[in-house]
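Spelled out from the first residue to the last, the chains are:
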Amino acid sequence: MYTEKELLSEAWTRLEASVLKFENEPIGTVAAAIDKSTQQFNYGHCFIRDFVPSALAFLTRGQGEIVANFLRQTLKLQINDKNIDEVRAHMDGVRPGMGLMPASFEIVEEEGKQAVRADFGERAIGRVTPVDSCLWWLILLRIYQRATGDQELVQEAGFQRGIRLILNLYMLKQFDMYPTLLVPEGAFMIDRRMGVYERPLEIQALFYAALLAADELLLPKNKQDIHTEIEQRLARLKTHIREHYWLDLEKVNEIHRYENEQFGEEICNKFNIYPESLEAWAIDWVPKEGGYLAGNLGPGRMDFRFFAIGNLMSVICSLADEAQSQKIMNLIGKRWIDLVGNMPMKLCFPAIEDKEWELITGCDPKNVSWSYHNGGSWPVLLWFLVAAALKVGRKSIAERGIRIAEKRWCEYKDKDRWPEYYDGRKGNLVGKKAMRYQTWTIAAYIVAKDLMENPQHLEWITFQ
Ligand code: GLC
């Protein structure tokens, strides 16, 4: 049995051990510590999304250098007119979007010298595109600026150009009319086939936060031509999500009696959702005082699953309004066993099973029901849960989440070894294929503890 103090101190030791160095400078953290008993795949890489909680943890100690180095390094890897041909050569000749950022990078040796090698998905399992990387990068840039007070970095011409490239790429509409961002399957933290293509909530919440960040970080002279467009997109995106993704008892009632095949502008069932597609579990699951944002919305399709990052990020960046945010927290409180159980918390609820699992995941054994992305519990979500709860004045939920994780780890620290995820309906089992000493598990615990002690740090992350 460990004390909380010992647990936190070990977390720091492990986090420091995960630091990735390039030419003797710290530039990131590996996704998981090298463990010879497990196959490594790309867990020795530094992932953009995984680095965010690490960065937050370092910033609580005033260690901004590693974050600045990371931001600089990833900026160099961003697709620009100088490196595009080289990257293209590795992508079956396909021209990657200008401004795109990789999912991850690693340090390799080339001709006896260290080099940084990016992965845009051309080597990743399933060849998935990291749409979330640019979004997290912008969010992190704003976090860095707020936490360190360093205004110069973001004002450098290279950074301003990098922000503009991302905006050009993400604001461009090709074959679409919704204000949401249309993405392929597995484009974010859920980077495998899980039926999360089209307009997944997580991407929309990150997009919203990233647009706010970009507008804040661009110098007036660099956004003259785009500022109004950003504002309009933000407004339309906000209304769209708040109105059409929102699910509570009232909305479920509405969907139950939807009319279909409506044509024209002023209609109620704009996306032609069929009442028959309303999932039986969802009807009885939403408590009277709760609600949440649906996982996805497209023509004739509403994904009723609850996705934690999308909902919590929507609270954090105020994409959900105040009343909705409170209702999301109410839902988490009322459906605690389902959503949090014995390890905060479920990435998505409920799991898809049987035939549905076969069709949607393509029989993916890693994503069997109540495991990994399909209803598994991810300790990295602890920091999102704590930040969202604190932002809307629900400290008891934050405390309860931390207490549960701490209790488990103080008791089983050496057995669990900071796993990537847990399995089972209540998150009681260490994930079958879980990495150990997963960096964002460790960092999330540090960040969650810090936010409880220094709630003023919420300002780094939240948007009002
Ligand atoms: C898995 C996760 C992904 C994460 C990566 C590294 O691929 O699905 O979200 O970034 O591992 O931890």
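Residue indices follow the written sequence of each chain, beginning from 1 at its first position. Note on the predicted model: pLDDT of at least 70 is required for a residue's local features to be given, and 80 or more for side-chain atom pairs to be given and counted; whole-chain, interface and lining totals, by contrast, use all residues. Just so you know, side-chain values use all the structure's heavy atoms and leave hydrogens and water out.

**Q** Can you help me understand the overall build of the protein chain in this one?
**A** Counting its regular elements, the protein chain contains 20 helices and 13 strands. The C-alpha atoms of the protein chain give a radius of gyration of 21 Å, which matches the 23 Å a tight globule of 464 residues would have. Dimensions of the protein chain, computed from C-alpha atoms along their principal axes, come out at roughly 65 × 60 × 45 Å. Relative to its 464 residues, the protein chain shows a buried fraction of 60%. Contacts are residue-level and defined by heavy atoms, with any inter-residue pair within 4.5 Å sufficient. Taking as baseline every contact in the protein chain between residues at least 6 positions apart, the subset at least 24 positions apart corresponds to 70%. Positive: Lys, Arg. Negative: Asp, Glu. His and the chain ends are not part of the count. By convention, the point assigned to a charge is CZ for Arg, NZ for Lys, CD for Glu and CG for Asp. Taken as two groups, the 57 positive and 64 negative side-chain charges of the protein chain have centres that lie 3 Å from each other. Strands here mean DSSP runs of E at least two residues long; helices mean DSSP runs of H or I at least four residues long; both are numbered from the N terminus. Between the two quantities, the radius of gyration covers C-alpha atoms and the globule rule is 2.2 Å times the number of residues to the power 0.38. Relative accessibility under 20% of the residue-type maximum defines a buried residue, over 50% an exposed one, and the middle range a partly exposed one, all with a 1.4 Å probe and only protein chains included.

**Q** Would you mind going over the pattern of salt bridges with me for this structure?
**A** Two side chains of opposite charge can pair, provided their charged atoms sit close to one another. Between Lys or Arg on one side and Asp or Glu on the other, a salt bridge is scored when a side-chain nitrogen of the former is within 4 Å of a carboxyl oxygen of the latter. Taken as a whole, this structure holds 23 salt bridges when the rule is applied. Between Lys-413 and Glu-10 there is a salt bridge whose closest N-O contact spans 2.5 Å. Of this pair, Lys-413 sits in helix H18 (residues 395-416) while Glu-10 sits in helix H1 (residues 4-17), and the two are 403 residues apart along the sequence. With respect to class, Lys-413 is no different from Glu-10; both count as buried. Between Asp-414 and Lys-413 there is a salt bridge, and its shortest N-O distance comes to 3.4 Å. Three or more residues joined by partner-sharing salt bridges are found here, namely Glu-10, Arg-14, Lys-413 and Asp-414.

**Q** When you look at the sheet that holds strand S3 (residues 46-47) in this model, what are you seeing that I'm missing?
**A** By way of backbone hydrogen bonds, the strands of a sheet pair with one another, either parallel or antiparallel. Two strands are said to pair when DSSP picks up at least two bridges between them. The strand order S3-S4-S5 describes an open sheet built from three strands, whose pairing is antiparallel. With one partner strand each, in any of the chains shown, S3 and strand S5 (113-119) form the two edges of the open sheet. Two elements, strand S4 (residues 104-110) and S5, share seven bridges in a ladder whose sense is antiparallel. Of the residues in S5, the one forming a bridge with Ile-107 is Val-116.

**Q** Would you mind showing me how to read the packing of aromatic side chains here?
**A** By convention here, two paired aromatic rings are described through the distance between centres and the angle between planes. Only rings of Phe, Tyr and Trp enter the pairing, Trp through its six-membered ring, and a pair is recorded when the two centres are within 6.5 Å. The plane angle decides the type: under 30 degrees is stacked, over 60 is edge-to-face, the rest tilted. Using the criterion set out here, one finds 21 aromatic pairs in the structure. Measuring from centroid to centroid gives 5.7 Å for Trp-285 and Tyr-292, while their planes differ by 80°, and the two rings are edge-to-face. Its relative accessible area of 7% is what places Trp-285 among the buried residues. For Tyr-292, a relative accessible area of 0% translates into the label buried. Each ring, one from Trp-285 and one from Phe-349, has its centre 4.9 Å from the other, and the planes form 20°; the classification is stacked. Note that Trp-285 is positioned in helix H12 (residues 280-285) and Phe-349 in strand S11 (residues 348-349), a separation of 64 residues in sequence.

**Q** Can you walk me through the site of the ligand in this structure?
**A** To be near a molecule or strand, a residue needs just one of its heavy atoms within 4 Å of it. As a structural note, the neighbourhood of the ligand is formed by Ala-31, Tyr-43, Phe-47, Arg-49, Asp-50, Met-189, Asp-191, Tyr-372, His-373, Glu-420, Gln-438 and Trp-440. Within the side chain of Tyr-372, an N or O atom sits 3.5 Å from an oxygen atom of the ligand. N or O atoms closer than or at 3.5 Å make up a polar contact, with two conditions inside protein: a donor-capable atom paired with an acceptor-capable one, and, for residues adjacent in sequence, both atoms drawn from side chains. One nitrogen or oxygen atom from the side chain of His-373 is found 2.8 Å from an oxygen atom belonging to the ligand. Computed with a 1.4 Å probe, the accessible areas rest on the Shrake-Rupley method; for each residue, only the protein chains presented here act as cover. When the free accessible area of the ligand is taken as 310 Å², the share hidden by the protein chains comes to 95%. Only Asp, Glu, Lys and Arg are considered charged in this grouping, and only Ala, Val, Leu, Ile, Met, Phe, Trp, Tyr, Cys and Pro are considered nonpolar; every other residue, Gly among them, is considered polar. Per-class residue counts for the shell around the ligand are six nonpolar, two polar and four charged.

**Q** Help me understand empty space enclosed by the protein in this model?
**A** Rolled over the atoms, a probe as big as a water molecule pinpoints where empty space is left. A 1.4 Å probe that fits into a set of points on a 1 Å grid over the protein atoms alone but cannot get out defines a cavity; an open set with protein on both sides within 12 Å along at least five of seven lines defines a pocket, and lining residues are those with an atom within 4 Å of a point. Grid points are joined across faces, edges and corners, and a volume is the space filled by probe spheres set on the points. On inspection of all chains with the given rule, the structure shows three cavities of 30 Å³ or more. By volume, the largest cavity is sized at about 80 Å³. Lining the largest cavity are Arg-49, Val-52, Pro-53, Asp-132, Trp-136, Met-189, Glu-202, Ile-309, Val-380, Trp-383, Phe-384 and Trp-440. Broken down by secondary-structure element, the contributors of at least two residues to the lining of the largest cavity are helix H2 (48-60), helix H5 (132-148) and helix H17 (381-391). The biggest single contributor to the lining of the largest cavity is H2, with three residues. A breakdown of the residues in the lining of the largest cavity according to their chemical character gives nine nonpolar, no polar and three charged. What the second largest cavity holds in volume is close to 50 Å³.

**Q** For this particular structure, what's the right way to read the layout of surface pockets?
**A** Reported here for the largest pocket is a volume of approximately 930 Å³. If you go around the largest pocket, you meet 30 residues; those closest to its centre are Gly-97, Leu-100, Thr-129, Val-131 and Pro-184. It is helix H7 (residues 157-171) that provides the largest number of residues to the lining of the largest pocket, a total of three residues. Its residues assigned to classes, the lining of the largest pocket shows 16 nonpolar, seven polar and seven charged.

**Q** Help me understand the side chain of Asp-119 in this model?
**A** Here Asp-119 is to be found in strand S5. This buried residue, Asp-119, is left without a salt bridge; Arg-123 holds the nearest opposite charge, at 4.3 Å. For Asp-119, the residues in contact, after removing those within four places along its chain, are His-45, Pro-102, Ala-103, Ser-104 and Ala-124.

**Q** Would you mind going over helix H14 (residues 322-334) with me for this structure?
**A** Residues spaced three or four apart along an α-helix point in a common direction, a consequence of the helix completing one turn every 3.6 residues. A helix is expected to span 1.5 Å multiplied by its residue count minus one. In this model H14 runs 18 Å from its N-terminal to its C-terminal C-alpha over 13 residues, within 8% of the 18 Å that 1.5 Å per residue would give. All of the buried residues along H14 are Gln-324, Ser-325, Ile-328, Met-329, Asn-330, Leu-331 and Ile-332. Where H14 begins, the capping side chain belongs to Asp-321, and its oxygen is found 3.2 Å from the backbone nitrogen of Ala-323.

**Q** Explain the nonpolar core to me, please; I cannot follow it from the model alone.
**A** Inside soluble globular proteins, nonpolar side chains tend to come together where they are buried. We call a set of buried residues a nonpolar core when its members are Ala, Val, Leu, Ile, Met, Phe, Trp, Tyr or Cys and they connect through side-chain atoms within 4.5 Å of each other. Formed by 168 residues in total, the largest nonpolar core has its most connected members in Leu-71, Trp-137, Ile-163, Met-313, Ile-332, Met-345 and Trp-383. Here the element with the most residues in this core is helix H8 (residues 201-217); it accounts for twelve residues. Among residues more than four places away in sequence, those in contact with Met-345 are Phe-306, Ala-308, Leu-312, Ile-332, Leu-339, Val-340, Gly-376, Ser-377, Trp-378, Leu-381 and Leu-385.

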